[in-house]
Amino acid sequence: MDLRSELLKSIWYGFTALDLEKSGKVSKSQLKVLSHNLCTVLSIPHDPVALEEHFRDDDDGPVSSQGYMPYLNKYILDKVVEGSFNKENVDELCWTLTAKKNYQTDKNSSTVLPEKDAFRLWCLFNFLSEDKYPLVMVPDEVEYLLKKVCMAMSIEFNCVELEDFFSQDSVQQSGITVWVFLQMMNTGKLTKGIDKSIVSMAIEEVYREIVGDVLKEGYLWKKGQLRRNWKERWFTLRPSNLSYYTGEDRKECQGNIALDGNCCVEVLPDRDGKRCMFCLKTLSKTYEMSASDTKQRQEWTTAIQTAIRLHVEGKTSLHKDLKLKRREQREQREKRRQAKEEELQRLRALQEERERKLAELELLKEAQKQAQALLEQDEQRRRQQHEQLQQALEVQLREAEEARVSMQAEMALKEEEAERQRKRIQELEEMQKRLEEALQQEIKARLDEEAFRYAQAGLLAEEEEKMKALMSLQEEQEEYILKTQREKQELKQEMEAKSRALDEAQRQLEEVRANRHRVDQDVVAAQRKLRQASTNVKHWNVQMNRLMRPIGPGEKRPSLGSSFSSFQIPTQRDPGLRLRRRSGSEDQDEESKENVENRAGCDLEKRHSHASNGDMDIP
């Protein structure tokens, strides 16, 4: 949670306090006052013109079409510099605006919290609330805050009286607001029988620990850097520094130790009459300190190492990190709960499927019983037929016996007939046994056929699903083949375009090389002409030097032919000549060789033209 989010939580309370009609709209005059006060406590310049331009009145009244949030972000929060203001002043401003409207208490009640304690609990609520609006605190964070307050009061937290409050559906689903929380604190369920001063001290301690980022506070003995004597100081540890004061009131700060990744804590042996010693090493200094006992020394060293670890990890607050971890744990518990509910639903579905299959099995058993009854009826009918047949055979035997008595002559025949009848009875009995075995096999075959039919139905359904999956895979494969062909065609066109561009670039390169060759030839010709011109200039310079020798008194001017007339060359003592020569030498030092040669050629042409006119002056 960054500084902007913390400021927005407090400003949201101030803005909603100005929204009397709960319509989400505030008049322009109230927004001006709120913006001016925010700029004052945030130590940034206020620009009323920007507010007027952002909120323009329309026919319906002072209603902004853009809203206050863009103006707040652009003209106020974007200009905020961390460390240039006191955030507690911002919280006090927003608390003053919202408490007048929302914090209604019975002043005569003995359990009502003082205004300062209510403000600190409001700040703690904002720090631990969820990052969504309207601001609420989940029951886990409420329990965490109440446990911290009870721990600061050295009492055991008893949540039996608060279980009914936490068990409400509205609280479990959306959490509680700050006004419900303050109302619950004012009921005295948590602070029953405890002095108000103890409650205030506990709330202040929790406020400084969570909101003020104070990791640990307490008295320690510190060894001086210059006088090397031991003095008792009140130390306050934060994630970025370790400050020490003369007393617990923290009015006179005696020093501030900046903590970074280069700091370390070491436990020292007892010496100088001090026990439980440890030192804090920085890049520039080493601070020796002594605690009251080994437990305090262990707590201080652990707390300082925690502060150094937070600084190395780039975290500005321990409780912000703990809040994020608790939120992640709640999210993980919620995920596990949802997974458990899904597992229970799946088990219920499996149970319903099992019950359905058991019902089907019962139906099958009932059908089997009916089939068994039918088989028993058939078997009984066959037995009756067999008994009737046996009775008929017995009648025949009696008749045969009577015929044997009456007819002795036919005894042998009758005995043979009886033997055949006995054989036939045996065959019928064997046939009956085979029929019973065949009936049992038929029953078993029918049961196997029923099982195979169910298995075949399952295989057919599975085959149908696999066929559908196969068809979908085939369609995806055809789409992928078409897509690949299109990409291949586009790649081929792109390669042809690049090939044409490469041919065009090679042709242009050949043209550039031909042009460069022609330019090189032109440069060679120009250099040749320059050398020829330089040779001519040197030749004429030699001629001029030969002609410019001094003429003594009484000598005649040498003639240069028909084109030159007599002229007089000044002597070396002539000051004008020396001045001109000196200036000429300085000019030659400044100009390049090519410019000197060109100028000498031009001067020579001028001299020739003057000589042909009969009047020549040599500078």
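Since we're looking at a predicted model, the values are computed, not measured.

Caption draft 1: Quick peek at the environment of Lys101. Structurally, the position occupied by Lys101 is in helix α5 (residues 87-102). By relative accessible area, which is 28% here, Lys101 ends up partly exposed. The spacing of Lys101 and Thr16 is 85 residues in sequence and 9.9 Å in space, taken between C-alpha atoms. Among residues more than four places away in sequence, those in contact with Lys101 are Thr16, Ala17, Asp19, Leu20 and Lys22.

Caption draft 2: Quick peek at the nonpolar core. Counting 64 residues, the largest nonpolar core has Tyr68, Trp95, Tyr103, Trp122, Leu145 and Phe181 as its most contacted members. With nine residues, the single largest contributor to this core is helix α6 (residues 115-128). In contact with Tyr103, other than residues within four places in its own chain, are Trp95, Thr98, Val112, Leu113, Glu115, Ala118, Trp179, Leu182 and Asn186. Leu215, Phe235, Leu280 and Met289 belong to the second largest nonpolar core, which has 23 residues in total.

Caption draft 3: Highlighting the pairing of strand β1 (residues 216-223). By the bridge criterion, eight bridges tie β1 to strand β2 (residues 230-237) in an arrangement that is antiparallel. Across the sheet, residue Lys222 finds its bridge partner in β2, namely Lys231. In this structure, the hairpin formed by β1 and β2 is closed by a connection of six residues, where Arg228 is found at a positive phi of approximately 60°. Sheet analysis places β1 next to strand β7 (residues 286-290), joined by two bridges and oriented antiparallel. Note on β7: the bridge partner recorded for Lys222 is Met289.

Caption draft 4: Broad picture of the confidence of the model for the protein chain. Scored by pLDDT, the protein chain has a mean of 80; 83% of the residues are at 70 or more. pLDDT under 50 marks residues 59-65. Its contacts with residues more than four places away, or in other chains, come to eight contacts. In this model residues 608-619 is a low-confidence stretch, pLDDT under 50, and it forms 21 contacts with partners more than four residues away in sequence or in other chains.

Caption draft 5: Layout of the environment of Asp131. By secondary structure assignment, the location of Asp131 is in the loop between α6 and α7 (139-152). For Asp131, a relative accessible area of 43% puts it in the partly exposed group. With 126 residues separating them along the chain, Asp131 and Ser5 place their C-alpha atoms 8.0 Å apart. In this structure the side chain of Asp131 is engaged in a polar contact, spanning 3.2 Å, whose partner is the side chain of Lys9. Here the side chain of Asp131 touches Arg327 through a polar contact of 3.3 Å, side chain to side chain.

Conventions adopted
Residues numbered from 1 in each chain as written. Predicted model: local features only at pLDDT ≥ 70, side-chain atom pairs only at ≥ 80, totals over all residues. Heavy atoms only, no water. Helix = DSSP H or I, 4+ residues; strand = E, 2+ residues; numbered from the N terminus. Buried < 20%, exposed > 50% of the residue type's maximum accessible area, 1.4 Å probe, protein only. Contact = heavy atoms within 4.5 Å. Core = buried A, V, L, I, M, F, W, Y, C linked by side-chain atoms within 4.5 Å. Pairing = 2+ DSSP bridges. pLDDT = per-residue confidence, 0-100. Polar contact = N/O pair within 3.5 Å; in protein donor to acceptor, adjacent residues only side chain to side chain.

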